[in-house]
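# Survey of secondary and tertiary structure
What follows is each chain in one-letter form.
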Amino acid sequence: MIGNKRVLAFIGTRKIWQIVLVCILLMAAIASIGHIWYKNYVDHRFDGKVWGVDFYQFWYGGQFLWQGQEPYSAVMRGEKPRVTAINASSATATPQIGEPLPMKWDISYIPGSAPLFLLLAPLSLIPWVSASILWGAINTLLGFIYVWILLHLNGESLTSLRGVALLAVFLCLLATRQVLELGQTSLIIVTLMFAALLVIEQSPVVSGIFLGIALSKFTLAFPMIVYFLYRQQYKALLICVATQIGGLLAIVLFTHSNLFLVAQTNLIMGWNIVTTQQTAGFATHLFALGWGMVAYIVAIIMTLMAVIGIIVWFRSRPMLRMDDLSGQTLISIASFWGLLLIYHAWHDWVVGMLFVVILALRSKTQKKSHLSSFLLTGQQTIVLYVLTIAVLSVWILPLYTLIGEVNYRSLFAVCTIIVFVLSLGLLFTIQNPTTRTSDRQPAGHPQVQ
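Quick summary incoming for the structure in this document. What you are looking at is a predicted structure, and each value in this text was computed from that prediction instead of being measured. (Residues numbered from 1 in each chain as written. Predicted model: local features only at pLDDT ≥ 70, side-chain atom pairs only at ≥ 80, totals over all residues. Heavy atoms only, no water.)

### Observations concerning the overall build of the protein
Let me state the cut-off plainly: Strands here mean DSSP runs of E at least two residues long; helices mean DSSP runs of H or I at least four residues long; both are numbered from the N terminus. For this analysis, residues touch if any pair of their heavy atoms sits within 4.5 Å. Residue burial considers only the protein chains on display, and all accessible areas are found by Shrake-Rupley using a 1.4 Å probe.
When you go through the protein residue by residue, the secondary structure sums to 18 helices and two strands. Counted over contacts in the protein with a minimum sequence separation of 6, partners at least 24 positions apart contribute 74%. Put simply, the protein shows about 20,600 Å² of open surface, and 70% of that area lies on carbon and sulfur atoms.

Written out as structure tokens, the structure reads:
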């Protein structure tokens, strides 16, 4: 009886500490996101030098669309749309109606293909400041939806303690703060990517539409495309391609422009995004860090590790090839590989939340027997958690104020290399829940199937 009381007391104390930790994380998340909103409100009431700078390219391009002009080539040629009664109320528009609309920032391209551009185009129908605030609110909401999707894929509720804790961690990420402040599209892309994965079995058509819009930022969405190919989801992929083509046709029909010209301009802009900004000062991939030949060596090693590791896993784990946790781990590996070898900046690291979620929720046997998990020893779990917490501290804390932005970008990349290696290693520890208990080896020694 006394022993039972001690056990209950221990469980109760542990629960209290979990609640305290979640409350601390929630306060940190509110402070993190709240600071972005407050700072940019103080800075010229959301019309300062930073707020919405990346979203502005879509808003400005949308002005051409609603005036019946093809936006991509117009932006490339440096043309200016006309001031209308709507955008004249923007703080950036000083000329009279009918005069050229001045640029708030210099832009030379629209960083997204037609489907994403059309999805954001309605925001161009309201003044700049109002549009940027609305987009900020949408991005904040997308953060909740994105985490909810990741949790749902792993059998967890957003209202549970672990769900709330993971949401708070996500809202604290530097990547999340940058998406919100810069008005980036990274969050809507990853949300659509994993929404496509979530509904693929129920509706390949809806899944394909989601993935087709996400493909508008192909540098971030390509891992999901590769995974759909791996899973032979050809119907969804055909709808994905059709969504991209449909977006181009919609712009052509609306603006009475040339289809081939619009398609060519889209391809040129996509190529420019990958090539002309490879060494941009805010980029965080290997080739923008000033590592010289080391960057190429690391890139080759990572590529060989990924290819060889996945081939060995594929041959040695035939029962896990179509497993949901295997799929998410493969996507995580491909995402980290892409973040380091293709042009990316800090805001794109929102996709890294997938690794945090699957590690937190699937690193031990779950109550729901239909879910597979990472079969780890207690020591392995501790090491993984310590490394992940260390990585998250770099991804969250503004350490660039202490070590400088150049060193911080390199540290950021090193942390991504670490989680890439961890993701690859975790792939080999996945335990199929259908395996009979009597057939399992001792904990910490995954069964080779």
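### What to know about the packing of helix H9 (residues 204-214) against helix H10 (residues 218-230)
Counted only if it meets this: Simply put, an axis is a line fit to the C-alpha atoms, just over the touching stretch for a helix, and the angle between two N-to-C directions goes from 0 to 180 degrees. Crossings are assigned a handedness: left-handed for a near helix turned anticlockwise from the far helix by less than a right angle, right-handed for a clockwise turn.
Contact geometry for H9 and H10: axes closest at 9 Å, N-to-C directions at 145°. The chirality of how H9 crosses H10 is left-handed. Along the contact surface, H9 presents Ser207, Leu211 and Ala214, while H10 presents Ala221, Met224, Ile225 and Phe228.

### As for the pattern of salt bridges
The test is simple: By salt bridge we mean one thing: a side-chain nitrogen of Lys or Arg within 4 Å of a carboxyl oxygen of Asp or Glu. Type-normalised accessible area, obtained with a 1.4 Å probe on protein chains alone, sets the label of each residue: buried when under 20%, exposed when over 50%, and partly exposed for intermediate values.
Inspection of every chain in the model, using the stated rule, returns seven salt bridges. Across the pair arginine 77 and glutamate 79 runs a salt bridge whose closest N-O atoms are separated by 2.6 Å. Between arginine 362 and aspartate 324 there is a salt bridge, and its shortest N-O distance comes to 3.1 Å. Highlighted residues: arginine 362 in helix H15 (residues 353-362) and aspartate 324 in helix H14 (residues 324-341), separated in sequence by 38 residues. Residue classification places arginine 362 among the buried positions, given a relative accessible area of 0%.

### Overview of the side chain of glutamine 178
Along the chain, glutamine 178 falls in helix H7 (residues 174-182). Glutamine 178 gets classed as buried once you look at its relative accessible area, which sits at 19%. Residues within four places of glutamine 178 in sequence aside, it is in contact with Gly183, Trp346 and His347.

### Topic: the packing of aromatic side chains
For clarity, the cut-off: Within 6.5 Å between ring centres, the rings of Phe, Tyr and Trp (the latter by its six-membered ring) count as paired, and their orientation is classed by plane angle as stacked under 30 degrees, edge-to-face over 60, tilted in between. The criterion is that NZ of a Lys, or CZ of an Arg, lies within 6 Å of the ring centre and within 35 degrees of the ring normal, and then a charge sits over that ring.
Summed over all chains, the structure comprises 30 aromatic pairs. Seen in terms of ring centroids, phenylalanine 55 and tryptophan 135 are 5.6 Å apart; in terms of plane orientation they differ by 20°. Their pairing is stacked. Note that phenylalanine 55 is positioned in the loop between helix H1 (2-42) and helix H2 (56-66) and tryptophan 135 in helix H5 (residues 128-153), a separation of 80 residues in sequence. You'll find phenylalanine 55 and tryptophan 135 in the same group, each marked buried. Each ring, one from tyrosine 230 and one from phenylalanine 314, has its centre 6.2 Å from the other, and the planes form 70°; the classification is edge-to-face. Here phenylalanine 314 lies in helix H13 (residues 293-316) and tyrosine 230 lies in helix H10, a separation of 84 residues in the sequence. A residue is classified by how much of its surface remains accessible, and phenylalanine 314, at 31% relative accessible area, is partly exposed. Through a chain of ring-to-ring contacts, three or more aromatic side chains come together here, namely Phe55, Tyr56, Trp59, Tyr60, Phe64, Trp105, Trp128 and Trp135. If you follow lysine 104 out to its NZ or CZ, it ends over the ring of tryptophan 105, 4.8 Å from the centre.

### Side note on unusual backbone geometry
Of note, phenylalanine 46 is a non-glycine position whose phi angle comes to about 65°, a positive value. By secondary structure assignment, the location of phenylalanine 46 is in the loop between H1 and H2. Its identity is not glycine, yet glutamine 232 carries a phi of approximately 60°, on the positive side. Within the element layout of this structure, glutamine 232 appears in the loop between H10 and helix H11 (234-255). Residue classification places glutamine 232 among the exposed positions, given a relative accessible area of 51%.

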